[in-house]
Structure formats: C-alpha cells, structure tokens
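# A structural walkthrough
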Amino acid sequence: MDQARQWIADANAVAILTGAGISAESGVPTFRGDGGLWREYRAEDLATPAAFARDPKLVWEWYDWRRGIIAQAVPNAAHRALVQLEIRKPQFTLITQNVDGLHDLAGNGKILKLHGDIWRMRCTECGANFPNRRVPLPKVPPHCACGAMARPGVVWFGEPLPEGIMQEAEHAAGGAEVFLVIGTSAVVYPAASLIPYAKQAGAKVIEINPELTAATSIVDCALQGPAGEILPQLL
Ligand code: BV8
Ligand code: ZN
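Residues numbered from 1 in each chain as written. Chains lettered and ligands numbered in written order. Predicted model: local features only at pLDDT ≥ 70, side-chain atom pairs only at ≥ 80, totals over all residues. Heavy atoms only, no water.

### Structural notes on the sheet that holds strand β2 (residues 91-96)
- Reading across the sheet, the six strands line up as β3-β2-β1-β7-β8-β9 and stay open at both edges, with parallel pairing between neighbours. The open sheet has two edge strands, β3 (111-113) and β9 (221-223), and neither has a second partner. Neighbouring strand axes in the sheet, compared pairwise and without regard to direction, differ in orientation by 15° on average.
- Sheet topology note: the strand β7 (residues 178-182)/strand β8 (residues 204-208) ladder contains five bridges and is parallel. Following the sheet pairing, Leu180 is matched in β8 by Ile206.
- In this fold helix α1 (residues 2-10) packs onto β7, β8 and β9, with an angle of close to 125° to the strand it touches most, β8. (Pairing = 2+ DSSP bridges. Helix = DSSP H or I, 4+ residues; strand = E, 2+ residues; numbered from the N terminus. Axes fitted to C-alpha atoms, helices over the stretch in contact; angles between N-to-C directions. Contact = heavy atoms within 4.5 Å.)

### Looking at the coordination of the zinc ion (ligand 2)
- Protein coordination at the zinc ion (ligand 2) comes from Cys123 (SG), Cys126 (SG), Cys144 (SG) and Cys146 (SG), with a distance range of 2.2 to 2.3 Å.
- In this structure, the zinc ion (ligand 2) is coordinated by four donor atoms arranged in tetrahedral fashion, with angles at the metal of 103 to 120°.
- Along the chain, the residues donating to the zinc ion (ligand 2) fall in the pattern C-x2-C-x17-C-x1-C.
- Taking relative accessible area as the criterion, Cys144 reaches 9% and is therefore assigned buried.
- With relative accessibility at 45%, the residue Cys146 sits in the partly exposed group. (Donors = N, O, S within 2.8 Å, 3.2 Å for Na, K, Ca; no water. Tetrahedral: all angles 85-135°; square planar, octahedral: opposite > 155°, others 65-115°. Buried < 20%, exposed > 50% of the residue type's maximum accessible area, 1.4 Å probe, protein only.)

Here's what the structure looks like:
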C-alpha cells in the first residue's frame, strides 16, 4: 500500500480504468457478481443486438429496472476519491466501462465512457441521440420523437465502441506514469487491453479489487479490498 501511495504521490500523469465494481458500494449490481442476475437472465444474454431484435420489450424492462436502481445510487467514497485525484494531478483521464453516470455525478471532468451511457437513448431509425432520465419509463419500449422505437445509448456485445474512443483511451493509458485499474474483472475487450497497453508503455499498474482478476498477474501492485475503503487511503 505504501509503495502504491508513493507512486501516486510522485506521478503527474495518471489514468484510471474503472468497472462495475467501483459502483458496487453504491448499491449498483455488478455484471458478473452474484447480484448481477435479473430474473433468470445473464447480462451477456441481454446486452446484445440479437436479444434486442428478438425481444425489445424484455431488454428494455431490464434497462428500466437498472435505471431505477441507478437513479437511487449515490457516488461512494471511491468515486469521490477519484474527483480529488483529478483535482491534484496535472494530467488525469478517467476511462470507464460503466454506463451508470456515477463518475459524472461525483464531479469528474475528463471521463471517457467506453460503453456508453444508460441515461441516453438512440433512435433505431432516424439516428437521434438524446438524454432521457425518466424512471420508471412511462412506456416500454420508449419511442423517439420521430415515432420509431428507441434503444439504450450503450454499447452491446458484438458492437463497436464509439468512434475514436479507444484511441483517446490508449493515448491516456500510454502516457500515464500510474494506471489505476479499479473494480473490473478485466474480461471485456477491448477495454481490458488498456491494462497491458499501459504496462508496456511504462506505467506502474495498480489494481484495486477484493478478488483476483484476469489482470492481477500482470499488475505491479494488487490491493485486495473494496475500492471505497482502499482508494481514500491511497490519496
Ligand atoms: C467489440 C454496456 C468488435 C452494456 C458492456 C465472442 C463473441 C462475441 C464477442 C466477443 C467474443 N469474445 C470476445 C468478444 C468481444 C466482447 C467481449 O469482450 N466479450 C467478453 C465477455 C469475452 N467485446 C465486445 O463485444 C465489445 N465490442 O469487441 O466490438 C467490433 C469491432 C468493429 C465492428 C463490430 C464489432 C463491446 C463490449 C461492451 C459490452 N457492453 N456494457 C450495459 O452495461 O448494459 S460490458 C459490461 O461488462 C459492462 O460495461 C461492465 O462494466 C463490463 C465489464 O465488466 P466489469 O466492469 O469488469 O464488471 P464485472 O461484473 O465483470 O466485475 C466486477 C468487478 O468488480 C469484479 O472483479 C469484482 O471483484 C469487483 N468488485 C466487486 N465489488 C467491488 C469490486 N471492486 C472494487 N470494490 C468493490 N467494492
Ligand atoms: Zn427517431
């Protein structure tokens, strides 16, 4: 812990990769944890274009349920610690896989949302992309002003990430002296590729997670515990 604290204190350029685990202490179920199941479905089975094409109402019921939970969630000590870190560091980029918007709510400025935003919708026909915070949704599935059905503004499995966002993320990870990996099982790509990318570019990689993950074997320092407890101690 002291080594990690020293690396962070000495760094000017810091990049962060967060996953669902950073929002766990805010009461948001993770993807692969035991709380991640909804009815009898797995996230991977619903967060796909095929599932939406087959049963848009079911997929929207799942997102409506998640939006309802996230609407009650407040940023936790880990989210707040990252806001402090951004204030202290001349170069800071927060790269998140999360779609819950809790980093925005906490007050971070430079956020790269790799997988989109649960509070935005896209039209399946006219290309409109708009915010919608209605909880619960008055009508499922919701529709665009043009009359066509809307889809959640997130990236599903099998879909490409927003144009250019991985280049920006790689630029941040490649220039970081310290790369913090917080609350991710590191199994989803291309997000997880940022971890070896940062390491090969010379960053000190610090992982914060109560469990071992697919990345633990390559990080420089693995701090095992909840982010809400560990992160504040690192600053
Ligand atoms: C792409 C948005 C190419 C939706 C998400 C086979 C078939 C098809 C595709 C693939 C395949 N093999 C590989 C792929 C690629 C696929 C992929 O990686 N699949 C994985 C499952 C193997 N990736 C994609 O499909 C990506 N697109 O590759 O496109 C392409 C290119 C050009 C043209 C066409 C196509 C898109 C991936 C994005 C999917 N969307 N989310 C939504 O949210 O509804 S991913 C989803 O998983 C979430 O974003 C989530 O954040 C993310 C990763 O999960 P984690 O964040 O790590 O969360 P998880 O639950 O797994 O782990 C939580 C961790 O927290 C645990 O480690 C736990 O210990 C820890 N924790 C718990 N409590 C705490 C804690 N840590 C700290 N403190 C605590 N208190
Ligand atoms: Zn439309």
